[in-house]
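Chain residues, written in single-letter form:
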Amino acid sequence: HERRPIIAIDGPAGAGKSTLARRLAQRLGFLYIDTGAMYRAVTWRAMQERIDPLDGERLSALTRAVRIRLAPGYQSAFPTRVWVDGEEVTRAVRDEAVSLQVSAVSSHPGVRSELVAQQRRIGEAGGVILDGRDIGTHVFPRAELKIYLTASVEERALRRAEDLKAKGLPIPDIAVLKEQIRSRDNQDMSRAYAPLRKADDAIEVNTDTFTVQDTLDRLLALYRDKVGGGV
Ligand code: CDP
Ligand code: CDP
């Protein structure tokens with residue numbers, strides 16, 4: 001039976017996954033599923049309810065109970081609109097406070113298995129692009145195209161500073177931003193269950209010296225080579 005292609009984009013924070021996934025989806029007419037937004041939504045709700053980020057049992061129950069809805073966002077800073085139990089939390093889920101806790105919340109197998117089941121249900125028909133940490137290794141290991149997007153810590157910190165500036169937010173010292181990026185990389189790569197790593201058959205694309213447009217062109221070329229189709 002025919003299934004439309006699945007594209008998996010994984011990589012560390014600030015590599016450009018959501019920016020590129022969103023643009024590529026628009027270009028190919030695919031559905032974009034921002035899996036990070038789902039982990040952020042659960043984290044936001046858990047913080048509302050003052051649940052300890054180490055309490056895997058309560059967090060897993062919460063993940064099963066909460067209703068998350070996603071829709072295309074408006075710009076790079078807000079790539080996805082997010083609702084939790086009917087309340088729009090598009091901006092709130094990008095808050096620094098959520099960013100600081102999301103890796104701890106995401107480390108619990110019960111949280112992950114529920115969100116992964118939802119991601120598979122939405123994506124299994126194909127014609128989708130998912131970005132996250134475990135898409136090519138765990139969620140859709142048979143995806144037609146797997147990209148592992150990277151950039152140096154320095155470059156990612158500079159991009160983060162640009163994003164904060166665009167949002168009119170205060171910009172911490174670059175050294176502080178680098179430390180936050182390193183810390184999230186470490187947490188996401190060292191967790192026991194479905195950690196961030198490059199799938200053996202993923203194509204690594206380093207974006208340090210690329211513009212967004214360069215990267216998009218490169219990903220479209222890879223799609224043409226690996227999957228075909230008139231794009
Ligand atoms: O956009 P940014 O790179 O800051 O992060 P994100 O994609 O919104 O993901 C936020 C966090 O959710 C990550 O740092 C991971 O801890 C977690 N996450 C995950 O564990 N697995 C995924 N498939 C996606 C996100
Ligand atoms: O989703 P992820 O955390 O991997 O990154 P993002 O939220 O897409 O943020 C990446 C930032 O770097 C955005 O502000 C992009 O405009 C910028 N950027 C990029 O994504 N790719 C490049 N080749 C150059 C800059």
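Everything quoted here is computed from the prediction, not taken from an experiment.

Draft legend 1. View of the overall build of the protein chain. For the protein chain, the count of helices and strands is nine helices and eight strands. At 17 Å, the protein chain has a C-alpha radius of gyration in line with the 17 Å of a compact globule built from 231 residues. Each of the three principal axes of the protein chain carries a C-alpha extent, and together these read 50 × 45 × 30 Å. Within the protein chain, the proportion of its 231 residues that are buried is 50%. The long-range fraction of contacts in the protein chain, counting pairs at least 24 apart against all pairs at least 6 apart in sequence, stands at 71%. Of the roughly 11100 Å² of accessible surface on the protein chain, a fraction of 49% belongs to carbon and sulfur atoms. Taken as two groups, the 36 positive and 32 negative side-chain charges of the protein chain have centres that lie 3 Å from each other.

Draft legend 2. Up close: the site of ligand 2. Around ligand 2 sit 15 residues, and of these Gly-14, Lys-17, Ser-18, Thr-19 and Phe-210 come closest. Between ligand 2 and the protein, one listed contact pairs an oxygen atom with a side-chain N or O atom of Thr-19 at 2.5 Å. A distance of 3.3 Å separates a nitrogen atom of ligand 2 from a polar atom in the backbone of Thr-211. Expressed as a share of its isolated accessible area of 540 Å², the protein-covered part of ligand 2 is 81%.

Draft legend 3. Structural context of the site of ligand 1. By nearness alone, 18 residues border ligand 1, and Arg-40, Arg-112, Asp-134, Arg-184 and Asp-188 come closest of all. Arg-40 places a polar side-chain atom, nitrogen or oxygen, 2.7 Å from an oxygen atom of ligand 1. Mapped onto the shell around ligand 1, the elements with two or more residues apiece are α2 (35–48), α4 (96–106) and α8 (174–190). Tallying contributions element by element places α2 first for the shell around ligand 1, with four residues. Looking at the shell around ligand 1, its residues break down into three nonpolar, six polar and nine charged.

Draft legend 4. Structural detail: α2. Helix length check: α2 (14 residues) gives 20 Å between terminal C-alpha atoms against 20 Å at 1.5 Å per residue, within 8%. Counting buried residues along α2, 11 of its 14 residues qualify, which places the element largely inside the surrounding structure. Within α2, burial applies to Thr-35, Ala-37, Met-38, Tyr-39, Arg-40, Ala-41, Val-42, Thr-43, Trp-44, Arg-45 and Ala-46. A side-chain oxygen of the first residue of α2 lies 3.3 Å from the backbone nitrogen of Gly-36; this N-cap is Asp-34.

Draft legend 5. Expanded view of the sheet that holds strand β5 (residues 87–88). One open sheet accounts for three strands, arranged β3-β4-β5; its pairing is antiparallel. In this open sheet, the two edge strands, each paired with only one partner strand, are β3 (68–75) and β5.

Draft legend 6. Examining the packing of α2 against helix α3 (residues 56–65) more closely. Viewed as axis vectors pointing N to C, α2 and α3 meet at an angle of 115 degrees, and their least axial separation amounts to 10 Å. The crossing of α2 and α3 is right-handed. Here α2 contributes Val-42, Arg-45 and Ala-46 to the contact with α3, which in turn contributes Leu-59, Leu-62 and Thr-63. Here the contact of α2 with α3 is built from residues that sort into four nonpolar, one polar and one charged.

Draft legend 7. View of the nonpolar core. Formed by 31 residues in total, the largest nonpolar core has its most connected members in Val-42, Ile-68, Leu-115 and Leu-130. Mapped by element, the contributors of at least two residues to this core are β1 (6–10), α2, α3, β4 (78–84), α4, α5 (109–123), β6 (128–132) and α6 (135–139). In terms of residue count, α2 provides more of this core than any other element does, seven residues in total. Discounting residues that sit within four places of it in the chain, Leu-115 has contacts with Met-38, Tyr-39, Val-42, Thr-63 and Ile-68.

Draft legend 8. Broad picture of the pattern of salt bridges. As enumerated under the stated definition, the model contains 13 salt bridges in all. With its nearest N and O atoms 2.8 Å apart, the salt bridge here joins Glu-154 to Lys-178. Taken together, the positions of Glu-154 in helix α7 (residues 153–166) and Lys-178 in helix α8 put the pair 24 residues apart, joining distant regions of the chain. A salt bridge links Arg-159 to Glu-155; the shortest N-O distance between them is 3.0 Å. Of this pair, Arg-159 and Glu-155 both sit in helix α7, four residues apart, which is roughly one turn of the helix. Judged by relative accessible area, Glu-155 falls into the partly exposed class, the value being 23%. Through salt bridges that share partners, Arg-133, Asp-188 and Arg-191 make up one connected network.

Definitions and limits used
- Residues numbered from 1 in each chain as written.
- Chains lettered and ligands numbered in written order.
- Predicted model: local features only at pLDDT ≥ 70, side-chain atom pairs only at ≥ 80, totals over all residues.
- Heavy atoms only, no water.
- Helix = DSSP H or I, 4+ residues; strand = E, 2+ residues; numbered from the N terminus.
- Rg over C-alpha atoms; globule rule 2.2 N^0.38 Å.
- Buried < 20%, exposed > 50% of the residue type's maximum accessible area, 1.4 Å probe, protein only.
- Contact = heavy atoms within 4.5 Å.
- Areas by Shrake-Rupley, 256 points an atom, 1.4 Å probe, with all protein chains shown as cover.
- Lys, Arg positive; Asp, Glu negative; His and termini not counted.
- Charge placed at Lys NZ, Arg CZ, Asp CG, Glu CD.
- Near = heavy atom within 4 Å.
- Polar contact = N/O pair within 3.5 Å; in protein donor to acceptor, adjacent residues only side chain to side chain.
- Nonpolar A, V, L, I, M, F, W, Y, C, P; charged D, E, K, R; others polar.
- Expected span 1.5 Å × (residues − 1).
- Pairing = 2+ DSSP bridges.
- Axes fitted to C-alpha atoms, helices over the stretch in contact; angles between N-to-C directions.
- Left-handed = near helix turned anticlockwise from the far one by under 90°.
- Core = buried A, V, L, I, M, F, W, Y, C linked by side-chain atoms within 4.5 Å.
- Salt bridge = Lys/Arg side-chain N within 4 Å of Asp/Glu carboxyl O.

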